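Summary of structural features
Each chain is listed here by its residues.
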Amino acid sequence: LQWKMFVKVCLETVESTSTVLFIVAAASIFGWMLTATGVTADIAGWVLNFTKEAWVFLLLANLLMLFVGCFLETTAAITILVPILLPISNQLGIDPVHFGVVMVLNLMIGVLHPPMGMVLFVLARIANLSIERTTMAILPWLVPLLLSLGIITYWPATVLWLPKIMQ
């Protein structure tokens, strides 16, 4: 590694990191504003008026998180969605650890999924393939991921057995 290349790599790293941190900072401010203005409580009230069934909420939350995961960086999505969705899940009696695992898996699938999944673009670039070809290569892997998501979402024991042992 030559000095010139080292400086170039460092500058690219600073640029990439600052972009992600700017997005996270903006999402943090947005999440704080939602909470401070009471919007999260209003959304929780609306959702709880719509359904009081945990399984319906989990289905809707899964769809929302898969969609958001396609377009937002994961940390930013968590920063925005947790203040909105966690109070609802708590009121419906959903374990926070379970809901956290469901959220992370949803967002992980979202970053792999077209049209804007960030990992999709990274994979295409590393593999030196087109986005279309990379998408076609990823599609078969979405099936087991979505099946796993369904199992984890509706069978909490798959996630909660270890935390229960550790208590």
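Residues numbered from 1 in each chain as written. Predicted model: local features only at pLDDT ≥ 70, side-chain atom pairs only at ≥ 80, totals over all residues. Heavy atoms only, no water.

Focus: the side chain of N62
Residue placement: N62 occurs in helix α3 (residues 54-71). Among the residues examined, N62 registers a relative accessible area of 8% and is labelled buried. At a separation of 2.5 Å, a polar atom in the side chain of N62 contacts the side chain of N106. Within the structure, the side chain of N62 is placed 3.2 Å from the side chain of T153, a separation counted as a polar contact. Every residue in contact with N62, bar those within four places of it in the chain, is listed here: V102, N106, L149 and T153. (Helix = DSSP H or I, 4+ residues; strand = E, 2+ residues; numbered from the N terminus. Buried < 20%, exposed > 50% of the residue type's maximum accessible area, 1.4 Å probe, protein only. Polar contact = N/O pair within 3.5 Å; in protein donor to acceptor, adjacent residues only side chain to side chain. Contact = heavy atoms within 4.5 Å.)

Focus: unusual backbone geometry
Located in the positive-phi region is N128, a residue other than glycine, with phi close to 60°. Structurally, N128 can be placed in the loop between α6 (118-127) and α7 (131-154).

Re the packing of aromatic side chains
On inspection of all chains with the given rule, the structure shows three aromatic pairs. Measuring from centroid to centroid gives 6.0 Å for W46 and F50, while their planes differ by 10°, and the two rings are stacked. Taken together, the residues W46 and F50, both in helix α2 (residues 39-50) and four residues apart, mark about one turn of the helix. Neither residue differs from the other here; W46 and F50 are each classed as exposed. (Phe/Tyr/Trp six-rings, centres within 6.5 Å; stacked < 30°, edge-to-face > 60°.)

Quick notes on the side chain of T51
Structurally, T51 can be placed in the loop between α2 and α3. Residue class for T51 comes out buried when judged on its relative accessible area of 7%. Looking at T51, its side chain comes within polar contact range of the main-chain nitrogen of E53, at 3.1 Å. When near neighbours in sequence (up to four residues on either side) are disregarded, T51 contacts V56 and F57.

Topic: the confidence of the model for the chain
When the pLDDT values of the chain are averaged, the result is 87; 100% of them are 70 or greater. For the chain, α6 is the element with the lowest average pLDDT, namely 79, and helix α5 (residues 96-112) is the one with the highest, namely 93. (pLDDT = per-residue confidence, 0-100.)

Describing the packing of α6 against α7
At a minimum axis distance of 9 Å, the contact between α6 and α7 shows a crossing angle of 110°. If you check the angle between α6 and α7, you find them roughly perpendicular. The two elements α6 and α7 meet at a crossing, and its hand is right-handed. In contact with L120, F121, L123 and A124 of α6, α7 contributes I131, T134, T135 and I138. For the contact of α6 with α7, a count of residues per class yields six nonpolar, two polar and no charged. (Axes fitted to C-alpha atoms, helices over the stretch in contact; angles between N-to-C directions. Parallel < 35°, antiparallel > 145°, perpendicular 65-115°, else oblique. Left-handed = near helix turned anticlockwise from the far one by under 90°. Nonpolar A, V, L, I, M, F, W, Y, C, P; charged D, E, K, R; others polar.)

Regarding the nonpolar core
In summary, soluble globular proteins display a tendency toward joint burial of nonpolar side chains. Judged by nonpolar contacts, the single largest core of 33 residues is most densely connected at F57, M65, L85, I88, F99 and M103. If you list the elements that add at least two residues to this core, you get α1 (3-36), α2, α3, α4 (74-91), α5, α7 and α8 (157-166). At seven residues, α4 tops the list of elements feeding residues into this core. Among all residues touching F99, those that are not within four sequence positions of it are F57, L58, A61, M65, L85, L86, S89 and I94. (Core = buried A, V, L, I, M, F, W, Y, C linked by side-chain atoms within 4.5 Å.)

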